[in-house]
Amino acid sequence: MSVLEQHYERAADNLSPAEQLFLDCPDEDAQRIRLAEFLATIPPSVREAMPWSWRWWARPSQLAPATNWRTWVVRAGRGYGKTRTGAEETRRRVRKGLAGHIALIGATAADVRDVMVEGESGILAVHPTGSRPEYEPSKRRLTWPNGATATCFSAEEPDRLRGPQSDWVWGDEPASWRSGVLAWDNAMFGHRLGNDPRSMLTMTPRPLDWLRKIEAEARTYVTTGATYDNLTNLAESFIDMVVGRYEGTRLGRQELFAELLVDTPGALWTQDLIDRHRVREAPMLQRVVVAIDPAVTAGEDSDSTGIVAAGLAADGHVYVLADRTCRVSPDAWARRAVDLYDEVEGDRIVAEVNNGGDLVETVLRTVDPSVPVRKVHASRGKRVRAEPVAALYEQGRVHHVGAELADLEDELTTWTVEASESPDRLDALVWAVTELAVEQVKRRRRSVVASSVAA
Ligand SMILES: Nc1ncnc2c1ncn2[C@@H]1O[C@H](COP(=O)(O)OP(=O)(O)OP(=O)(O)O)[C@@H](O)[C@H]1O
Ligand SMILES: [Mg+2]
């Protein structure tokens with residue numbers, strides 16, 4: 001089934017007029033013919049306006065609900081068209097005279113400028129030339145031909161939102177605002193112009209209390225949607241990257257389907273804990289290890305082998321770099337581990353040898369006789385080993401690098417002692433962080449004690 005056919009099947013009751021036109025067209029040629037036939041039936045003035053007609057392009061769920069909402073929350077997956085929906089609703093309200101004093105809020109000043117204003121789905125892009133507002137970046141201001149103005153705010157500077165009054169507030173991606181509650185509260189304090197001030201939040205969610213409260217308010221209207229709803233309008237590279245990365249993972253339920261993930265009671269990690277300290281890139285690392293929690297039996301029902309790389313920076317923070325966990329034979333996981341060791345320019349491989357004994361070292365040596373291997377033995381329970389590592393996360397000393405660790409993060413945020421599945425990714429991570437940070441802290445403490453005894 002083609003992407004188009006899949007889309008029609010999945011979103012049958014939420015198609016835009018544009019998409020409905022192409023219903024039953026088997027391929028692009030058929031679409032082209034259908035479009036030409038259709039265009040021949042409408043007057044040229046309408047035809048010219050069509051590229052800019054949101055009513056024509058929008059799926060029903062992207063149009064403002066007819067109810068008497070005060071806040072419209074669009075909570076949807078990555079690439080759903082959230083920003084476009086916010087920009088289009090802003091355009092509509094200005095055109096109708098419903099919005100004249102606007103506040104635009106993004107996570108940072110750069111986000112407001114690059115995404116909400118100048119982005120491919122931002123305010124400037126959705127206006128035809130004649131009605132496009134003038135943008136003065138230095139004043140952080142947009143001015144429409146009809147006199148309406150919008151001011152750009154960064155959630156990083158919530159104090160600036162105190163004071164200005166507004167009749168329309170649009171916030172994009174509030175789940176990643178650093179001072180989210182404060183920024184929103186300040187914005188709402190001045191949100192009292194005219195007799196019908198309204199606001200809008202467009203976001204891929206995270207389970208944050210302040211956003212949950214907004215969704216629960218009586219006059220909040222919540223629209224939800226999935227990345228898949230907009231599949232036909234997304235670049236293939238975006239689909240490969242985002243859908244490929246998250247499909248089938250727990251985190252994918254949040255990123256692709258915008259589900260509010262509830263923390264697992266008893267789990268040592270929460271997604272928020274991981275997200276809060278995530279970084280895009282690792283700094284210079286002093287020491288890098290690849291840790292392995294090996295499955296020693298091969299075959300269909302063997303466990304997977306956890307393989308995780310992490311590094312230590314000069315300030316003692318740990319950066320989790322990659323997860324190559326796999327369910328393959330010992331030869332194959334040894335190869336993967338050594339490949340990862342080469343890729344991250346590792347200093348050492350740390351391998352748990354409870355099950356395999358010397359076999360583990362032997363298979364690694366077969367792949368590369370020179371690789372330094374440290375064998376570790378689990379003498380304490382999993383939870384006891386994992387707790388000091390989770391504590392380092394809580395102190396903000398462990399950072400996940402990039403967004404490629406969804407499977408590992410799923411395991412961290414859902415594993416509890418009662419779980420029957422063996423958490424191989426978690427085990428490998430715990431060995432890596434223990435080797436880099438926990439052991440080091442212990443050694444340091446021991447040497448402090450030793451030197452104070454000596455004194
Ligand atoms: N109904 C639609 N018809 C045509 N194109 C659309 C429609 N909705 C969104 N798009 C286009 O899809 C692309 C993604 O939209 P947008 O940037 O608004 O998504 P998003 O949900 O904000 O994504 P992200 O999660 O990356 O922030 C843009 O090119 C946008 O113009
Ligand atoms: Mg967006």
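The rules behind the values
Sequence positions are assigned chain by chain, starting from 1 and proceeding in written order. Whichever chain is written first becomes A and whichever ligand is written first becomes 1, with later ones labelled in order. Per-residue local features are limited, in this predicted model, to residues with pLDDT of at least 70; the limit for side-chain atom pairs, both in listing and counting, is 80 or more; totals at the level of whole chains, interfaces and linings are taken over all residues. Neither water nor hydrogens contribute to the side-chain values; these are computed over all heavy atoms in the structure. Residue burial is assigned from relative accessible area. The probe radius is 1.4 Å, only protein chains are included, and a residue is buried under 20% of its type maximum, exposed over 50%, and partly exposed in between. In this text, helices come from DSSP runs of H or I with a minimum length of four residues, and strands from runs of E with a minimum of two, each type numbered from the N-terminal end. At least two DSSP bridges between two strands are required for those strands to pair. Where each domain starts and ends comes from a domain assignment, either automatic or drawn from a database. By the convention used here, residues are in contact when the closest approach between their heavy atoms is within 4.5 Å. When two components associate, each loses some accessible surface as probed by a 1.4 Å sphere; the sum of these losses over both components is called the buried area. In the sections that follow, a salt bridge refers to a side-chain nitrogen of Lys or Arg positioned within 4 Å of a carboxyl oxygen of Asp or Glu. Pairing of N or O atoms within 3.5 Å defines a polar contact, subject to two protein rules: one partner must be a possible hydrogen donor and the other a possible acceptor, and residues neighboring in sequence count only if both atoms are side-chain atoms. All amino acids are sorted into three groups, where Ala, Val, Leu, Ile, Met, Phe, Trp, Tyr, Cys and Pro are nonpolar, Asp, Glu, Lys and Arg are charged, and the leftover types, Gly among them, are polar.

1. What to know about the pairing of strand β11 (residues 318-323)
Within β11, five of the six residues are buried, leaving the element largely enclosed by the surrounding structure. In terms of strand pairing, strand β10 (residues 306-313) meets β11 through five bridges, oriented antiparallel. Its bridge partner being in β11, Ala-310 is matched across the sheet by Val-320. Where β10 folds back on β11, the antiparallel hairpin that results is connected by four residues, among which Gly-316 adopts a positive phi of roughly 85°. Pairing between β11 and strand β14 (residues 398-400): three bridges, direction parallel. Paired with Val-318 across the bridge in β14 is Val-398.

2. Regarding helix α17 (residues 406-414)
Counting buried positions along α17 gives seven out of nine residues, so the element sits mostly inside the fold. Every buried residue of α17 is listed here: Ala-406, Leu-408, Glu-409, Asp-410, Glu-411, Leu-412 and Thr-413.

3. Here we look at the domain arrangement of the protein
According to the domain assignment, the protein consists of domain 1 (58-250) and domain 2 (271-444). Computed from C-alpha atoms alone, the centre-to-centre distance between domain 1 and domain 2 is 39 Å. Contacts between the two partners involve six residues from domain 1 and, on the opposite side, nine residues from domain 2. For the pair domain 1 and domain 2, the two sides together bury roughly 690 Å², of which 52% comes from carbon and sulfur. Note that Arg-206 and Asp-275 form a salt bridge whose closest N and O atoms lie 3.4 Å from each other. The interface formed by domain 1 and domain 2 includes four residue pairs in polar contact (both at pLDDT 80 or more). Looking at side-chain class alone, the side of domain 1 that touches domain 2 contains two nonpolar, one polar and three charged residues.

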